[in-house]
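Listed here are the chains, written in short residue letters.
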Amino acid sequence: MADGDGLGEATAAAASPPAPAPGLSPPLGWRERLRAGLAGTGASLWFVAGLGLLYALRVPLRLCENLAAVTVFLNSLTPKFYVALTGTSSLISGLIFIFEWWYFHKHGTSFIEQVSVSHLRPLMGGTEGSISEPGSPSSSRESETSRQNLSECKVWRNPLNLFRGAEYRSCATAYVLLAEEEATTIVDAERLFKQALKAGETIYRRSQQCQHQSPQHEAQLRRDTNVLVYIKRRLAMCARKLGRIREAVKIMRDLMKEFPPLTMLNIHENLLESLLELQAYADVQAVLAKYDDISLPKSAAICYTAALLKTRTVSDKFSPETASRRGLSTAEINAVEAIHRAVEFNPHVPKYLLEMKSLILPPEHILKRGDSEAIAYAFFHLQHWKRIEGALNLLQCTWEGTFRMIPYPLEKGHLFYPYPSCTETADRELLPPFHHVSVYPKKELPFFIHFTAGLCSSTAMIALLTHQFPEIMGVFAKAKEHALLGREHCTRPTYEESWMGVLHIMLKRYSGCCANEDQLEHGLLENFPNLTPLRDHTLPTFSWKATVVH
């Protein structure tokens, strides 16, 4: 959690070796230089070596005779074989497409790409090429990016959650554990929290007297302080749930005055929600003026509450038709900008506030700017938006305009840092499996889904055409075979010859229904305008050629 972040970073910094000075890297030996030079060309060298070996063994392996035998075998195949082949290919590719689609919607990535990166890339030497030198700029950039992603995807305790979370084992924390795990009602939980408060205050006073004796006593005081603040905060939440909102507000204000450094516990977010329930909007604005600062971490509660207050001043008279006709006033512009700011911070919230997605119970922990935070905020604050007339209407009309200002949210933000790309993975771990995790920005389908869909469609179409027109598809199959394999005793057919074969089959079918030669010529010219008649005056018949348009 947040309390241990500084200690963890300090430990990691102490354990890591000092980085070399920029521009000074140890000289590489000839083996390392050779390995680095061959790392990027390993696959090409293997391919060239394989071709050379195949060419050298062409006589012992009798490749020419085997190729001729394959050609004879392919010539003897019937159209039924091609129908079965293409039909089977279409079925297999369709099954792969369905599995890829299911895997992508369940895990957010392509199964084929994941297998390729995890298993095939190491076999092809991809990991060697990806390893950079310790002092190189690329390695420093990668480490900086990983640290940034790690800080962006830090999981926070849900400040509005009531039951859960004893982290220590003493008399006070034992009562906390009983209150959160054994109590079946909020009244029972409040009773146990009050017993925990008595024990916690006694231990806290004792630790205050001994805090200067040793570093261990100072650490003990910090721990007991956290326990005491936790218990009081839970008592405030019990009072809020039982309807004693003013009592809850007083406890939270006293905590924020007595322990101002503990802003990481997000007590002000609980205070904002309680003040909104009291409809004390002036007090809400005062809290936002203190905590909605550029130097303090933001949250969905802060950004969307600020947007709600500005929306409240104009929402009751707002109309899209009127605004499009006369333009937006200054107050309306401020409200729209506040909504855009909130949506940029967490783009998942509007769908829950507008009830475009179903709400579930909020999780114990949340991820800032993620779907879990959006669920937690909307679960407790939806009633406050509904209470203000026209607030949801203004939100519905304006929230999607945010995305026009940030066309590439993963690369560059407008008012905040770029949106972290790791939220989907963390939210899938925090939220239950039955919940459809909201993903931003919307991912494009992986290449292999498009590929398998195209392969399935094309093979199914080829199977259908082969079944309906076996002779014509046989001509094309023979032409493709000659083009790919070739034969020593036959020349390669041209594009025009392939079409002439198709035309010959069509002429045979068409001439059977024509009474005389003139009718045949007229019908052919009407249906096939690219044909040119060549009358041979020495013969009583017509000859035809196809005008091939390249």
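Residues numbered from 1 in each chain as written. Predicted model: local features only at pLDDT ≥ 70, side-chain atom pairs only at ≥ 80, totals over all residues. Heavy atoms only, no water.

Where an unreviewed UniProt entry is consulted, the protein appears under the name Suppressor of tumorigenicity 7 protein-like, with the organism given as Tursiops truncatus. Note on the protein: under the UniProt heading Sequence similarities (unreviewed entry), the record states "Belongs to the ST7 family." We quote the UniProt Subcellular location (unreviewed entry) comment for the protein here in full: "Membrane". (UniProt positions renumbered as here; feature names shortened; annotations may be inferred.)

**Q** Residues and numbers for the UniProt feature "transmembrane region" (unreviewed entry) in the protein, please.
**A** The sites that UniProt annotates as "transmembrane region" (unreviewed entry) are residues 36-57 and 81-104. Taken end to end, residues 81-104 is 100% helix and 0% strand, and its first and last C-alpha atoms sit 34 Å apart. (Helix = DSSP H or I, 4+ residues; strand = E, 2+ residues; numbered from the N terminus.)

**Q** Now, about the pattern of salt bridges: what can you tell me, with residues and values included?
**A** Oppositely charged side chains can form a pair if their charged atoms are brought close together. Under the definition given, this model contains 13 salt bridges. The salt bridge partner of Glu 332 is Arg 326, with a shortest N-O separation of 3.3 Å. A single network of salt bridges, built from pairs that share partners, joins Arg 240, Glu 273, Glu 277 and Arg 387. (Salt bridge = Lys/Arg side-chain N within 4 Å of Asp/Glu carboxyl O.)

**Q** Please provide a residue-by-residue account of the side chain of Thr 402, values included.
**A** In this structure, Thr 402 sits in helix 21 (residues 402-405). Using a relative accessible area of 1% as the deciding quantity, one classes Thr 402 as buried. With residues up to four places along the chain from it excluded, the contact list for Thr 402 reads Ile 339, His 340, Val 343 and Glu 344. (Buried < 20%, exposed > 50% of the residue type's maximum accessible area, 1.4 Å probe, protein only. Contact = heavy atoms within 4.5 Å.)

**Q** Please give an account of unusual backbone geometry that cites residues and values.
**A** The phi dihedral of Gln 279 is positive, around 60 degrees, even though this residue is not glycine. Note on placement: Gln 279 falls in the loop between helix 13 (267-277) and helix 14 (281-291). Under the relative-accessibility criterion, Gln 279 is labelled partly exposed at 44%. At Glu 355, a position not held by glycine, the phi torsion is positive, near 60 degrees. Assignment of secondary structure puts Glu 355 in the loop between helix 18 (349-353) and strand 2 (365-367).

**Q** Report on helix 17 (residues 330-345), specifying residues and quantitative values.
**A** Between the first and last C-alpha of helix 17 there are 23 Å, a value that for 16 residues agrees with the 22 Å anticipated at 1.5 Å per step. Within helix 17, burial applies to Glu 332, Ala 335, Val 336, Ala 338, Ile 339, His 340, Arg 341, Ala 342, Val 343, Glu 344 and Phe 345. The inward-facing, buried residues of helix 17 abut helix 15 (300-312), helix 16 (320-326), helix 18, helix 19 (371-387), helix 20 (391-398) and helix 21. (Expected span 1.5 Å × (residues − 1).)

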